[in-house]
Amino acid sequence: MRIAIIGAGHVGGTLGRRWASVPGATHTVTFGLRAGDEPDAQLGEFIEASGGAARAAPVADAARDAGVVVFATPWKATREAVESAGALTGKVVIDCTNPFAAGLTGLDVPDGRSGAEEVASLAPGARVVKAFNTTGFNIMANPVFPEGPATMFYCGDDASAKRVVQQLASELGFDPIDAGPLSRARVLEGMALLWVSLAMGGVSGGAELGREIAFRLARRRSTA
Ligand SMILES: NC(=O)c1ccc[n+]([C@@H]2O[C@H](COP(=O)([O-])OP(=O)(O)OC[C@H]3O[C@@H](n4cnc5c(N)ncnc54)[C@H](OP(=O)(O)O)[C@@H]3O)[C@@H](O)[C@H]2O)c1
């Protein structure tokens, strides 16, 4: 797959590096940067050593050449990032952002809406899937736990786009679970707020368990 990553920070840098390194896969990853931005030193070294699997380019060029466009920008910068990516019609757009309100008091979107639906409204014709937002970037680097893989919930309105995300999550080692239509994104964004509360309780009054935690869906065979 040709994957563009818009927002080459903790989340985008981690996902892009991992997809460019999936054994046997032939993904090419382009990190979309704003004019004047350079990849940080670690990402620059990765690109150098990637043998062409990863590169950096201006945001619009990265998005134009990709079939999958990933947004991993701070929420406040996401509108500008989507607009600067140009036409996204027909592309799979993966929204990893979390529209947290200041002080982590809730979500900074109108009642009943989600950041993913806002992204979809900025990108007409794009096949938007919400994913890679309910756990930390450190878990995206390694989703393996003693109990089994962390769950990656995703949601969207386009079945074939969701299959792409299922594959990409699975390639990273997640247990991918379809959470339903894009309107479910408000639930996934709420889960992200819960993850932060549990990981960093000092910030928002939760349990303070640290970042090495992830949601995992428990399943068992029916005993009935
Ligand atoms: N951190 C996590 O564990 C985590 C987990 C799940 C979801 N998320 C969500 O994912 C998003 C990114 O989080 P993060 O922690 O990766 O943030 P981050 O480390 O600050 O990275 C954001 C990146 O986006 C770049 N950027 C900002 N505006 C841009 C624009 N208009 N066009 C292109 N790139 C732009 C930033 O560049 P500059 O640094 O040059 O400004 C930076 O490289 C947030 O919405 C966050 O809520 C985070």
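So, here is what we can say about the structure in this document. Keep in mind it's a predicted model, so treat the numbers as computed, not measured.

1. Observations concerning the overall build of the protein
A tally of regular secondary structure across the protein gives 9 helices and 10 strands. Relative to the compact-globule value of 17 Å for 224 residues, the protein shows a C-alpha radius of gyration of 17 Å, a close match. Projected onto its principal axes, the C-alpha coordinates of the protein cover approximately 50 × 40 × 35 Å. Among the 224 residues that make up the protein, the fraction classed as buried is 48%. Within the protein, contacts between residues separated by at least 24 positions form 72% of all contacts whose residues are at least 6 apart in sequence.

2. Re the site of the ligand
With respect to spatial proximity, 26 residues lie near the ligand, and among them His-10, Val-11, Arg-34, Thr-73 and Phe-137 are the closest. Side-chain polar atom of Glu-80 to a nitrogen atom of the ligand: 3.4 Å apart, as the coordinates give it. Taking 890 Å² as the accessible area of the ligand by itself, protein coverage stands at 74%. At 4 residues, helix α4 (residues 75-84) tops the list of elements feeding residues into the shell around the ligand. Taken together, the residues of the shell around the ligand break down into 13 nonpolar, 9 polar and 4 charged.

3. Things to note about the side chain of Thr-134
Looking at the secondary structure, you find Thr-134 in the loop between β6 (127-130) and α6 (137-141). Exposure remark for Thr-134: the relative accessible area of 2% places this residue in the buried category. If sequence neighbours within four positions are ignored, Thr-134 has contacts with Met-152, Leu-188, Met-191, Ala-192, Trp-195 and Phe-215.

4. So, the packing of aromatic side chains
Ring pairs (aromatic) are described by centroid distance and by the angle formed between their planes. Under the defined criterion, the tally for this structure stands at 2 aromatic pairs. Arranged with centres 6.3 Å apart and planes meeting at 65°, the rings of Phe-132 and Phe-174 form a pair that is edge-to-face. With Phe-132 in the loop between β6 and α6 and Phe-174 in the loop between α7 (159-171) and β10 (175-178), this pair connects stretches of sequence that are 42 residues apart. Each member of the pair, Phe-132 as well as Phe-174, is classed as buried. One aromatic cluster in this structure is built from Trp-19, Phe-132 and Phe-174.

5. Here we look at the pattern of salt bridges
Evaluation of the coordinates by the stated rule reveals 13 salt bridges. Here Lys-130 makes a salt bridge to Asp-95, at a shortest N to O gap of 2.7 Å. A residue pair is termed long-range when its members are at least 10 positions apart, and Lys-130 in strand β6 and Asp-95 in strand β5 (residues 92-95) qualify at 35 residues. Grouping residues by exposure puts Lys-130 and Asp-95 together as buried. Taken together, the shared-partner salt bridges in this structure form one network comprising Arg-55, Asp-61, Arg-64 and Asp-65.

6. Points about the packing of α4 against helix α5 (residues 115-122)
Here α4 crosses α5 at 20°, and the two axes come no closer than 10 Å. In terms of orientation, α4 and α5 fall into the roughly parallel class. Our pair here, α4 against α5, has a crossing hand that is right-handed. Residue-level inspection shows Trp-75, Thr-78, Arg-79, Val-82 and Glu-83 of α4 in contact with α5, the latter providing Gly-115, Glu-118, Val-119 and Leu-122.

7. Some points on the sheet that holds strand β9 (residues 151-156)
Judged by pairing direction, the sheet is mixed, and its 8 strands sit side by side in the order β3-β2-β1-β4-β5-β6-β9-β10 without closing on themselves. Whereas interior strands pair on both sides, the edge strands pair on one side only; in this sheet they are β3 (54-58) and β10. If you compare each strand with its neighbour and ignore which way they point, the axes differ by 25° on average. Taken together, the 2 bridges between β6 and β9 define a ladder with antiparallel strand orientation. From the neighbouring strand, Lys-130 faces β9, where its bridge partner is Cys-155. Helix-sheet contacts for helix α1 (residues 10-20) involve β1 (2-6), β2 (28-33), β3 and β4 (68-71), and the interaxial angle to β2 is about 160°. Sheet strands in contact with α5 are β5 and β6, and its direction is about 145° off that of β5.

The rules behind the values
- Residues numbered from 1 in each chain as written.
- Predicted model: local features only at pLDDT ≥ 70, side-chain atom pairs only at ≥ 80, totals over all residues.
- Heavy atoms only, no water.
- Helix = DSSP H or I, 4+ residues; strand = E, 2+ residues; numbered from the N terminus.
- Rg over C-alpha atoms; globule rule 2.2 N^0.38 Å.
- Buried < 20%, exposed > 50% of the residue type's maximum accessible area, 1.4 Å probe, protein only.
- Contact = heavy atoms within 4.5 Å.
- Near = heavy atom within 4 Å.
- Polar contact = N/O pair within 3.5 Å; in protein donor to acceptor, adjacent residues only side chain to side chain.
- Areas by Shrake-Rupley, 256 points an atom, 1.4 Å probe, with all protein chains shown as cover.
- Nonpolar A, V, L, I, M, F, W, Y, C, P; charged D, E, K, R; others polar.
- Phe/Tyr/Trp six-rings, centres within 6.5 Å; stacked < 30°, edge-to-face > 60°.
- Salt bridge = Lys/Arg side-chain N within 4 Å of Asp/Glu carboxyl O.
- Axes fitted to C-alpha atoms, helices over the stretch in contact; angles between N-to-C directions.
- Parallel < 35°, antiparallel > 145°, perpendicular 65-115°, else oblique.
- Left-handed = near helix turned anticlockwise from the far one by under 90°.
- Pairing = 2+ DSSP bridges.

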